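Next come the chains, spelled out residue by residue.
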Amino acid sequence: MHYHFLDPYRPGDSVLHALDARVKLILSVAFILAVALTPAGAWPIYVLLLALAVALAVASELGATYALKRALIALPFALAALPSLFTLPGAALFSLHIGHWTLTATGPGLERLLSVVLKSWISMQAAILLTATTQFPDLLVAMRAIKVPRLLVAIFGLMWRYLFVLVDEAIRLTRARDARSGSLTGRGGRSAWWRARVTGGMAGNLFLRGYERGERIYAAMAARGYDGEVRAFPLPSLASGQVALLIGGLVSLATLTLLGIWLW
Amino acid sequence: MLYSPQPMHIPDGFLSILVSLAFWVLAVAGVGVALWRAGKELDERKVPLMGVLGATIFAGQMLNFAVAGGTSGHLMGAAIAAILLGPWSAVLVMTSVVSIQALLFQDGGLLALGANIFNMAVVGPFVAYGIYQTIVRLGRGRSWAAFTGGFVAAWTSIVVTALVVALQLAFSGTSPADVSVPAMGFVHTLIGVGEGLITVGALAFLHATRRDLLGLAPGAASKRSHQAVWIVGLLIALALAVLSPLASEHPDGLEWVAEEKGFLNAAQDAPFELIPDYLFPGLSDQALATVVAGVIGVAIVFGVALAIAYARRRRPSAAYEV
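Just so it is clear, the structure is predicted and the values come from calculations on it, not from any experiment.

## Quick notes on the overall build of chain B
Looking only at helices and strands, chain B has 11 helices and two strands in total. Among the 322 residues that make up chain B, the fraction classed as buried is 53%. Sequence-distant contacts in chain B: of pairs separated by 6 or more residues, those separated by 24 or more amount to 74%.

## Considering the overall build of chain A
When you go through chain A residue by residue, the secondary structure sums to 10 helices and two strands. Secondary structure elements of chain A, listed N to C terminal, follow the sequence α-α-α-α-α-β-β-α-α-α-α-α. By the compact-globule yardstick of 18 Å for 264 residues, chain A is too spread out, its C-alpha radius of gyration being 24 Å. Counting every position in chain A, which comprises 264 residues, the buried fraction comes to 44%. A separation of at least 24 residues holds for 75% of the contacts in chain A among residues at least 6 apart in sequence.

## Section: unusual backbone geometry
Residue and element names in this part refer to chain A. Within the chain, Glu61 stands out as a residue other than glycine whose phi angle is a positive 60 degrees. Following the sequence through the fold, Glu61 ends up in the loop between α3 (43-59) and α4 (66-70). Owing to 17 C-beta atoms within 10 Å, Glu61 belongs among the partly exposed residues under this scheme. Even without glycine at this site, Lys147 takes up a positive phi of about 70 degrees. Among the residues examined, Lys147 registers 8 C-beta atoms within 10 Å and is labelled exposed.

## What about the packing of helix α3 (residues 78-85) of chain B against helix α4 (residues 87-105) of chain B?
Residue and element names in this part refer to chain B. Look at α3 against α4: their axes get within 7 Å of each other, and the N-to-C directions meet at 140 degrees. The angle between the axes of α3 and α4 places the two elements in the oblique class. In the crossing of α3 with α4, the sense of the turn from one axis to the other is right-handed. Taking contact as the criterion, the partners of Ala78, Ala81, Ala82 and Leu85 in α3 are, on α4, Pro87, Ser89, Ala90, Val93 and Met94.

## As for the environment of Ala74(A)
Looking at the secondary structure, you find Ala74(A) in the loop between α4 and α5 (83-87). With near-sequence residues (within four places) excluded, Ala74(A) lies in contact with Ser120(A), Met124(A) and Pro11(B).

## Points about the interface of chain B and chain A
In this complex, chain B contributes 90 residues to the contact, which on the side of chain A involves 94 residues. Taken together, the elements giving at least two residues each to the side of chain B that touches chain A come down to α1 (17-41), α2 (46-60), β1 (64-66), α3, α4, α7 (177-209) and α11 (283-314) of chain B.

## Digging into the nonpolar core
Membership of the largest hydrophobic core comes to 176 residues, with the highest contact counts inside it found for Leu49(A) and Ala128(B). With 18 residues, helix α6 (residues 143-171) of chain B is the single largest residue contributor to this core. Dropping the residues within four chain positions of it, Ala128(B) is found in contact with Ala78(B), Ala79(B), Ala82(B), Ile83(B), Ala153(B), Ala154(B) and Ser157(B).

## A few points about the pairing of strand β1 (residues 92-98) of chain A
All names here are of chain A. Burial of β1 is sparse: only zero of the seven residues sit out of reach of the surface. Strand direction decides the pairing type here: β1 and strand β2 (residues 101-106), joined by six bridges, are antiparallel. What sits directly across from Ile98, in β2, is Trp101.

## What about the domain arrangement of chain A?
Residue and element names in this part refer to chain A. Entries for chain A in the domain assignment read domain 1 (8-145 + 236-263) and domain 2 (150-223). For domain 1 versus domain 2, the separation of C-alpha centres amounts to 34 Å. Of the residues lining the interface, four residues belong to domain 1; the matching set on domain 2 comes to five residues. Taken together, the residues of the side of domain 1 that touches domain 2 break down into three nonpolar, no polar and one charged.

## As for the confidence of the model for chain B
Residue and element names in this part refer to chain B. Here chain B shows a mean pLDDT of 77. Residues at 70 or above account for 74%. In the model of chain B, helix α10 (residues 264-268) stands out as the element of lowest mean pLDDT, 42, in contrast to helix α5 (residues 113-138), which has the highest, 92. Here residues 317-322 is a poorly scored stretch, pLDDT under 50, and it has zero contacts once near neighbours within four places are set aside; other chains count. Confidence metrics for the complex model read pTM 0.84 and ipTM 0.89.

## As for the environment of Phe94(A)
Assignment of secondary structure puts Phe94(A) in strand β1. In this structure, the C-alpha to C-alpha distance between Phe94(A) and Thr106(A), residues 12 residues apart in sequence, is 7.4 Å.

## A word on the environment of Ala21(A)
Residue and element names in this part refer to chain A. In this structure, Ala21 sits in helix α2 (residues 21-37). Along the backbone, Ala21 and Val230 are 209 residues apart, and their C-alpha atoms lie at a distance of 20 Å. Apart from the residues within four sequence positions on either side, Ala21 is in contact with Thr134, Asp138, Leu139, Val141 and Ala142.

Cut-offs and rules
Residues numbered from 1 in each chain as written. Chains lettered and ligands numbered in written order. Predicted model: local features only at pLDDT ≥ 70, side-chain atom pairs only at ≥ 80, totals over all residues. Helix = DSSP H or I, 4+ residues; strand = E, 2+ residues; numbered from the N terminus. Buried ≥ 20, exposed ≤ 12 C-beta atoms within 10 Å, placed from the backbone. Contact = placed C-beta atoms within 7 Å. Rg over C-alpha atoms; globule rule 2.2 N^0.38 Å. Axes fitted to C-alpha atoms, helices over the stretch in contact; angles between N-to-C directions. Parallel < 35°, antiparallel > 145°, perpendicular 65-115°, else oblique. Left-handed = near helix turned anticlockwise from the far one by under 90°. Core = buried A, V, L, I, M, F, W, Y, C linked by C-beta atoms within 7 Å. Pairing = 2+ DSSP bridges. Domains from an automatic or database assignment. Nonpolar A, V, L, I, M, F, W, Y, C, P; charged D, E, K, R; others polar. pLDDT = per-residue confidence, 0-100.

Written out as structure tokens, the structure is:
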């Protein structure tokens, strides 16, 4: 089994796919920033931002619900915001009786919980659309353009290139263990300590394979003239239409955010 | 299966803007120093090596073992990276792991990426390195010291990272500290055992096959920059041990600090609030505005869909011109 389908990029020829990666990266970050700056309880602004995200999903031709569904993976983390439902002071909404404890949900608590979950869900739309419509090498170019350190971008690029190879390696190790009954639990299996040690051995093995592969790759790169400097093409200049789109996007996001801050 | 099992990658929306930016600054500082070190003392081969090791840690997070009742033990990898690669390389490797997880798999947010890098790629490796070196030195480089050190370092790195996450959530006003600190702490004292056991297993395997990677040779940690990390890592672990119980006694986190320092009033005048603290304003206006926003939103989506459909209908003839 090969894990190429781990790549979140979805090929297509939509408007969003054609957009320059730099514009997409900056606008995605700006979108997430706008969501973060929108105060709790500014529901209309949330609705508008969500509509914007859905409109972009439609424009990407991935389908309106593609990002909406995928964004649900962050939902378990909402558990972390749950206590605020009961601890913020305010008008009581309802009470839960668990044993001899009484938990009283309050209006402000509900507002904060909903805001946090909504914000997280809406922010994630932008990140999902960015990676679904942008190939990773383009994203690396965009990162270079926004001045992420070159060494870091080079490491990201190499990591991406060998990600699938190493994930395949991990899957092979897991399959070998399962084939030798190494992951059996209960009767017939051995203790959890033993299973932990086996998994540790696999982790060590994986590390060693990665380490030695890294050294081989370095040798291969050195043989092809690598001298420690990662060279890349100069960045192409942005078309004027793309610049206009970038500025327009930033201005409208700023407007929405300011509206939210002033009105709520 | 693709997503890391530890509930440590904070998504966007859970941290206040102030906390997000503050930890971006800290993360940039930590990674900046690591990059500067890398430029100064590492050789050129480290770039490919660190890229591949980042992929290895990413893949290693998929390894797990069943414990009991459907739960399983996992690896985060900060400790193993710090032990085997030294602290600065571990910072760079873990930074790429955490960044790729956020950028590509939405495992952790983009605005929260600074905090996630700080937690998992700076605090985790530093704490693990500090504890591992202490125990290995106390045990004078014997193999039992490496295994004990590996377990304690891995366990502590998980627990300390979790406590930092809990404090960040508390400071953001997302979760009160008297709930988040004990809850995150308790869950991760258990999760940390899994991390510790896998780390020991990995060290045992490497001890048998490539002993040179374990850094047991005398003088392995004597570089001055590593000594600084050693001390800073221990200090972070100690600070968290003191800070967390203190914070959970004052559940309002930053609000409490703000009140103490008397800048709560200043905070309320800010263009955006430090900690959202709203009551429902006039509900009828609110509901009306939301409905209007909804109508406008639907119109936008519908408009885009129509425009796309229209553009698509005219395109087939042009498709062959590529």
